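Listed here are the chains, written in short residue letters.
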Amino acid sequence: MATPEELSGSGLCLGCGTLDSPPHYDFYADSVAWGRRRRCRASLHQLYADPLIPGVTEDKCSAPVYKWTAGGDSSDEDEGEQTEPPPDPPRFGWIQGVMIRCMLNIWGVILYLRLPWITAQAGVGLTWVIILLSSFITGITGLSTSAIATNGKVKGGGTYFLISRSLGPELGGSIGLIFAFANAVAVSMHTVGFAETVTDLMHENGVVIVDRVNDIRIIGVVTVTCLLGVSLAGMAWESKAQILFFLVIMVSFVNYIVGTIVPASPQRQARGFFSYKVDIFAANFVPGWRGAEGSFFGMFSIFFPSATGILAGANISGDLKNPTVAIPRGTLMAILWTTMSYLIISATIGACVVRDASGLINDSVSVSSEDCDGFSCLYGWDFSECVSNKSCSYGLINYYQSMSLVSAFSPLISAGIFAATLSSALACLVSAPKVFQCLCQDKLYPLIGFFGKGYGRNAEPLRGYMLTYCIAVCFILIAELNSIAPIISNFFLCSYSLINFSCFYASLTNSPGWRPSFRFYNKWLSLLGSVCCVVIMFLLTWWSALIAFGVVFFLMGYTLYKKPEVNWGSSVQAGSYNLALTHCVGLNQVQDHVKNFRPQCLVLTGPPTRRPALVDLVHALTKGLSLMMCGNVVTATSSPAALHKAHTDSHVTWLNQRKVKSFYRGVVAPELRSGVNMLLQGAGLGRIRPNVLVMGLKTDWSSDEPHAAHEYVSVLHDAFDLQYGVCVLRMTEGLDSSHPSQSYMNPSFRGQTENMNTISSPSCIQTNTTYSVCVDPEVQPKTVFQKKHGKKTIDIYWLSDDGGLTLLLPYLLTRRKRWLKCKVRVFVGGDTEKREEQRAEVLALIKKFRLGFHDVEVLPDVYQHPQPENVRQFENTLRRFRLETNIKQDCDTEAQRQQEPWMITDQDLERNKAKSLRQIRLNEVLQDISRDAALIIITMPVSRRGVCPSSLFLAWLDFLSRDLQPPVLLVRGNQENVLTFYCQ
C-alpha cells in the first residue's frame, strides 16, 4: 500500500487517491508562507480527461502538492539562496498601529489653542453640537473605512489602496496623488505650528536668533530634519516616538483636569478662572457670538479640521499585523476617545472660566458691592470696565492659552502642544511616502515610478521620504500657510467623501464579491457622509473646494484617457454590469421599430488581426451607433488547445489597441457552417443581437475544393433563413493581411485541408510544422478604410429593393469624417423611354427618407447583352463544375447532383441564363462608371435554393465584382423595411 508521502509525490490527494483535492488556503492565496511549496488545485480538464491522452497531465501545476520543505524549493535555480526564513519586519497591532496613531493625528493645536475660544463663542451647548456633528461625519467615514478594509486582504497604500481597489484606478489614482501631496504639505503645516510656538516662547524670554520669520524657518527645518531621521530609522523607532508623544499628551490632560479642581489663586481669578461654578457654566452654555467669524458654521469650519486624521492608521496598512481587524477597531476607538476628550474639555473649561477678564488684581471688589455689574461680582471681581471698553485680555474669548491658565502646571500644556504638533507631523511624514509608494508601483502616472522602490525587509520608501522632506522644507521656508491650509483640509475631506461613496456604491451594486466582515455599516448612511463631506468642503472655503475637485477631475480624465492595464475588480465594474444588465432587460419590454433600426453586425473575421480591412469597414458603420461583433470559427474537435485558440484574449487586445469598439466571439466547431450557425443563433443578448452578417468574398472558389464553395453559400442561405441581412466585401488586394502559409484561416475559406493549429501563448500561434507565428497586438496595419477619401464618390447600385439596407449603410458612412466629403451617387435600372420619369420617382423617394442623396441616375443599359468575350470567360470559369447530361443518363445525373449539389447542369444554366448575363453586364457598367470611386455598393443577387447551384452563385458574385480597383460591398437586406418616411 502506498504511503502518504508516495501519494503526495505522485500528485494524488492524500487520503482519497484522486486528483480531486480537499479545500485549502493555498488554492485561493496569491502567496505562500516561507518554508513549504505551494499547493495547486487540479484543473477541470485534468479531472475529467482521459489520462492516457498525451498532454493531459502535463501542466505547470499538474496536481496538488502536499510536500513540506525545510528551506524552499530545491531546484537548481534556487541554489545560493538563503536557507533560513527571512526575519519578519515589525508589525503593529490595533492599539499601537492604529488607535494611538489616529488619536495623535486628531489631537492638535486646535484642541489646546482654539477649543476654549470656540466654547466661548458658541457656548457649551452648540460646541457639543459642533463636536458631535464633526464626529458623526468622521464616524460614518470610519464605518465606511472599516467595511472596505474588511472586504478582503488589505496591503500597503492606505487610503489610496482602499479607494482605488473599490472605485477603480480613475478616482483612486487621483485621490492617491493629491492625498500623498496633502500629507507632505501637512508635515510643513504641523512643523510650522510647532516652530511658531517655540518662537513665541523664545521671544517671551527675550531670545531671538534672527527675526521672527527666519526663526520659524530655522526651527522648522531643523525639526523636520530630526523627524526625517526618526522616520528613516524605521517604523519601530517611529512608533516608539509616537508612544512618547502620546504619553506627554496624556500627562498634559491629567495636568489640566487636576488644575480645574485646584482652588483658584487671586492671580488666576483675575484672569477669569474660578474653578467649577454653576453660574459660570450656565452663562457659558449659551452662545456669545463676536467678530466676523461669530456664527455656527464659522466655528464649525474652524473646529472640523481637528476632527480629521482618522486615516492615519489606515495609511500604514502594510505595517499592520492584521489590517482587517486593526483598522476598524483602532479607527473607531480613536474617534470615540477623542470625541469624549473634546466634550470633556469644552464642558470643564466652560464651567471654570468666564468669557471676559482683565487680568488686573486691582479689579477685585467686595462681594456685596452694589456698583459691580456682571456675575463675576458674585466671586469678588468686577470686569465690567474692560468689557465695556472691549479691552479684556483674558477670559475664554480673549485668551487662547486658557488651558495653560487652568492647568496645574502650565509648561505641561506647552509640552502637550509640542507633542500634538510633532506627532501629527511625524504621522504625515510617514503616511505620504507609504501612499505614494503604492501609487508609483501601480504605474498609473508617468515619471513617478522612480519613487516606488522599497528598501529593507519592510520595503521602506526611502526615496519617497526624501521627496516628502523636500516638499515640506519648501513650504516651511514660506513660513505662511494660511492660504494653503484650506486646500489641504479640502483634499482630506475629498478623500473622506470618496471613501464613503466607495462603501455606498459597493453596497448598491450588490456584487457577490462585496462581503465585508464588518457588518455595522449602512449604505445610505455612507451616502449621507459623502454628501456632508462635500458640503463641508464648500462651507470651509468654496474656492479651495473647486480647486480640489478640479485637480481630481483632471487626474481622473488623464487616467480615463490612458486606460492603465489594471483590473482590481472595482465596484465601478460591478455597477457597469448592473447598469448594462438593467438596460438590456428593459429593452425586452420595447418592441422593435423601423425608426430605431440599427445595423448590428456579426463580422466573420476569423482572427481579427487577419482581416483588418473588414474590421475597419464595419467599425466605420457601427462606431458609437450599434453592435459590432467579430466572429471566429476554429474548425477542430473540442480540446483545451482549440478552446484556447478560439477564446484567447489577444484578439480583444488587438481590437482595443486599434480603438475598435467591438465584441469578440470565438467558437469551436467541426466545420465552418455549423460554427457560423452557432454564432448566428447564439450571438447577442436580448434585443442587442446581430441582424446583419458581414463576411469577405470567397475569391478562390474556382480553384478550391467544391465542398468549400458549397459550404460558403450555405452560410449565406442560413443567414437568410434566420432573417439576417448579408454584406459581402471584396477588395483587389484581398482581405487577408497575412501570408497564407503563415496564418491560420478556416479551411473552408481557404480551401486547403490542414490540421488545427495549437497555441503556444496568448499572442503566438504555433502551426503543426516547425515554425510559429506571433501575433503582435502592437502591429496595426493601415487599410483603405482608415484614409480620408476627399471628394471621391460612393457609388450605390440600388438594383433591387431589399428594404433599404443598401441605402442606409452608405448614409452611415457619410457621417464619418473620413467619408464626409464624398459625393454619393445612386444608380437604378430603368427604361430608356421613361428615364427621366423614373429618376424623378426614385429621387422623390430618397428625399422622403431624408438621406441627403441628390445625385440619382437611371441606367437602362444594365439590361443589355454583355460582350461575347466576357460571356466566354464566364462559361470557362464554370467548366470545372459542369455536369454533362443526356436523356439516357438522367437518373445517374440526378443521383450525382444529390451527392454533389455544386455541379451545374445545362438545365441550371438555362434557368439562370438571364441572371448570369445580367451580372456579366453589370460588371461592364461598373468598370465604365465607377472605376475611380472610393467605394462601390451593390444590391447582392439572391440564388434560389435548389434552382441555382452554389458554384454558379459564386460565379455571379465573382464576375460581378472582378477587376475593380475600389472596394466592392455586396449588400442584401432581409426584405423588411429599415427606412421609413413616417414619424411614427
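Given the structure is predicted, the values throughout are model-derived calculations rather than measurements.

### So, the overall build of the protein chain
Along its length, the protein chain carries 34 helices and 13 strands. When the 984 residues of the protein chain are sorted by exposure, 53% land in the buried category. Total accessible area computed for the protein chain in this model is approximately 46,100 Å², and 57% of it derives from carbon and sulfur atoms.

### Notes on a nonpolar patch on the surface
Together, Ile 257, Ile 261, Tyr 276, Leu 336, Trp 337, Met 340 and Ile 344 make up a nonpolar patch on the protein surface, roughly 630 Å² of accessible area in all. Considering each element in turn, the nonpolar patch owes the most residues, 4 residues, to helix α13 (residues 323–350). Structurally, Tyr 276 is set in the loop between α10 (266–270) and α11 (278–285).

### Let's talk about the packing of helix α6 (residues 158–167) against helix α7 (residues 169–204)
Helix packing for two helices is described by the angle between their axes and how far apart those axes are. The N-to-C vectors of α6 and α7 enclose an angle of 165°; their axes lie 7 Å apart at closest approach. The orientation of α6 relative to α7 falls into the category roughly antiparallel. Crossing hand, α6 versus α7: right-handed. Side by side, α6 and α7 meet where Thr 159, Tyr 160, Ile 163, Ser 164 and Leu 167 of the first sit next to Pro 169, Glu 170, Leu 171, Gly 172, Gly 173, Ile 175, Gly 176 and Phe 179 of the second. Residue classes in the contact of α6 with α7 are distributed as 7 nonpolar, 5 polar and 1 charged.

### Some details on a positive patch on the surface
Where like charges cluster on the molecular surface, the positive patch consists of Lys 563, Lys 623, Lys 659, Lys 661, Lys 782, Lys 788, Lys 791, Lys 817, Arg 818 and Lys 821. Topologically, Lys 661 is positioned in the loop between α24 (650–657) and β3 (663–669).

### Some points on the pattern of salt bridges
Scanning the entire structure with this criterion turns up 19 salt bridges. Between Arg 921 and Asp 861 there is a salt bridge, with its nearest N and O atoms 3.5 Å apart. Taken together, the residues Arg 921 in helix α33 (residues 913–929) and Asp 861 in the loop between β11 (855–859) and α30 (868–878) connect sequence positions 60 residues apart. Owing to a relative accessible area of 12%, Arg 921 belongs among the buried residues under this scheme. Judged by relative accessible area, Asp 861 falls into the partly exposed class, the value being 23%. The shortest N-O distance in the salt bridge between Arg 911 and Asp 908 comes to 2.5 Å.

### As for the sheet that holds strand β5 (residues 725–730)
Sheet architecture is open: 10 strands sit in the order β3-β2-β1-β4-β5-β13-β12-β9-β10-β11, paired in mixed fashion. Edge strands, defined here as strands with exactly one partner in the open sheet, are β3 and β11. Going across the sheet, the axis of each strand differs from the next one's by a mean of 20°, ignoring polarity. In this fold helix α25 (residues 672–682) packs onto β1 (601–604), β2 (628–635), β3 and β4 (692–696), with an angle of close to 140° to the strand it touches most, β3.

### Comments concerning the state of the cysteines
Applying the stated criterion across every chain yields a total of 1 disulfide. As a non-bridged cysteine, Cys 440 has Cys 438 as the owner of its nearest cysteine sulfur, 9.3 Å distant. Note on Cys 440: relative accessible area 2%, which makes it buried. Not engaged in a disulfide, the cysteine Cys 474 finds its nearest cysteine sulfur in Cys 470; these two sulfurs lie 6.7 Å apart.

### A short note on the UniProt feature "transmembrane region" (unreviewed entry) in the protein chain
What UniProt calls "transmembrane region" (unreviewed entry) maps, in this numbering, to residues 94–113, 125–151, 171–195, 216–237, 243–264, 296–314, 334–354 and 520–539. Within residues 243–264, the helical portion is 86% and the strand portion 0%, while the C-alpha atoms at the span's ends are 33 Å from each other. Secondary structure content for residues 296–314 is 42% helix and 0% strand, and the end C-alpha separation is 31 Å.

### Quick word on the nonpolar core
Grouped together as the largest cluster of nonpolar side chains are 130 residues, with contacts concentrated most on Trp 107, Leu 111, Tyr 112, Ile 249, Phe 303, Tyr 342 and Leu 493. A total of 15 residues in this core trace back to one element, the largest contributor, which is helix α16 (residues 410–442). Discounting residues that sit within four places of it in the chain, Leu 493 has contacts with Phe 304, Cys 533, Ile 536, Met 537 and Leu 540. If you look at the next biggest cluster of nonpolar residues, it comprises 59 residues, including Val 862, Trp 902, Met 903 and Leu 970.

### Topic: the environment of Ser 358
Mapped onto the elements, Ser 358 comes out in the loop between α13 and α14 (384–389). Since its relative accessible area comes to 12%, Ser 358 is described here as buried. Separated by 28 residues in the primary sequence, Ser 358 and Cys 386 place their C-alpha atoms 6.2 Å from one another. In contact with Ser 358, not counting residues within four places along its chain, are Ala 270, Asp 363, Phe 383, Cys 386 and Tyr 394.

### Focus on the pairing of β2
Of all 8 residues making up β2, 8 are buried, and the element is well covered by its neighbours. Alternating residues of β2 divide into Met 628, Cys 630, Asn 632 and Val 634 and Met 629, Gly 631, Val 633 and Thr 635, and every residue in both groups is buried. Two elements, β1 and β2, share 4 bridges in a ladder whose sense is parallel. Bridge pairing links Leu 604 to Gly 631 in β2. Each parallel crossover has a hand, and the one from β1 via helix α22 (residues 612–622) to β2 is right-handed. Two strands pair when backbone bridges link them, and β2 and β3 are joined in this way by 7 bridges, in the parallel orientation. Looking across to β3, one finds that Asn 632 is bridged to Gly 666.

### As for unusual backbone geometry
In this structure, Lys 390 takes a positive phi of about 55° despite not being glycine. The residue Lys 390 is located in the loop between α14 and α15 (402–406) in this model. Phi at Lys 443 is positive, roughly 55°, even though this residue is not glycine. By the element assignment, Lys 443 lies in the loop between α16 and α17 (462–478). Judged by its relative accessible area of 68%, Lys 443 falls in the exposed class.

### Some details on the packing of α7 against α16
At a closest axis distance of 8 Å, the pairing of α7 and α16 adopts a crossing angle of 160°. Judged by the inter-axis angle, α7 sits roughly antiparallel to α16. As α7 runs across α16, the sense of the crossing is left-handed. Looking at side-chain class alone, the contact of α7 with α16 contains 19 nonpolar, 10 polar and no charged residues.

Conventions adopted
- Residues numbered from 1 in each chain as written.
- Predicted model: local features only at pLDDT ≥ 70, side-chain atom pairs only at ≥ 80, totals over all residues.
- Heavy atoms only, no water.
- Helix = DSSP H or I, 4+ residues; strand = E, 2+ residues; numbered from the N terminus.
- Buried < 20%, exposed > 50% of the residue type's maximum accessible area, 1.4 Å probe, protein only.
- Areas by Shrake-Rupley, 256 points an atom, 1.4 Å probe, with all protein chains shown as cover.
- Patch = residues over 30% accessible without salt bridge, like charges linked within 9 Å, V, L, I, M, F, W, Y side chains within 5 Å.
- Salt bridge = Lys/Arg side-chain N within 4 Å of Asp/Glu carboxyl O.
- Axes fitted to C-alpha atoms, helices over the stretch in contact; angles between N-to-C directions.
- Parallel < 35°, antiparallel > 145°, perpendicular 65-115°, else oblique.
- Left-handed = near helix turned anticlockwise from the far one by under 90°.
- Contact = heavy atoms within 4.5 Å.
- Nonpolar A, V, L, I, M, F, W, Y, C, P; charged D, E, K, R; others polar.
- Lys, Arg positive; Asp, Glu negative; His and termini not counted.
- Charge placed at Lys NZ, Arg CZ, Asp CG, Glu CD.
- Pairing = 2+ DSSP bridges.
- Disulfide = S-S within 2.5 Å.
- UniProt positions renumbered as here; feature names shortened; annotations may be inferred.
- Core = buried A, V, L, I, M, F, W, Y, C linked by side-chain atoms within 4.5 Å.
- Right-handed = clockwise from strand over helix to strand, strands pointing away.

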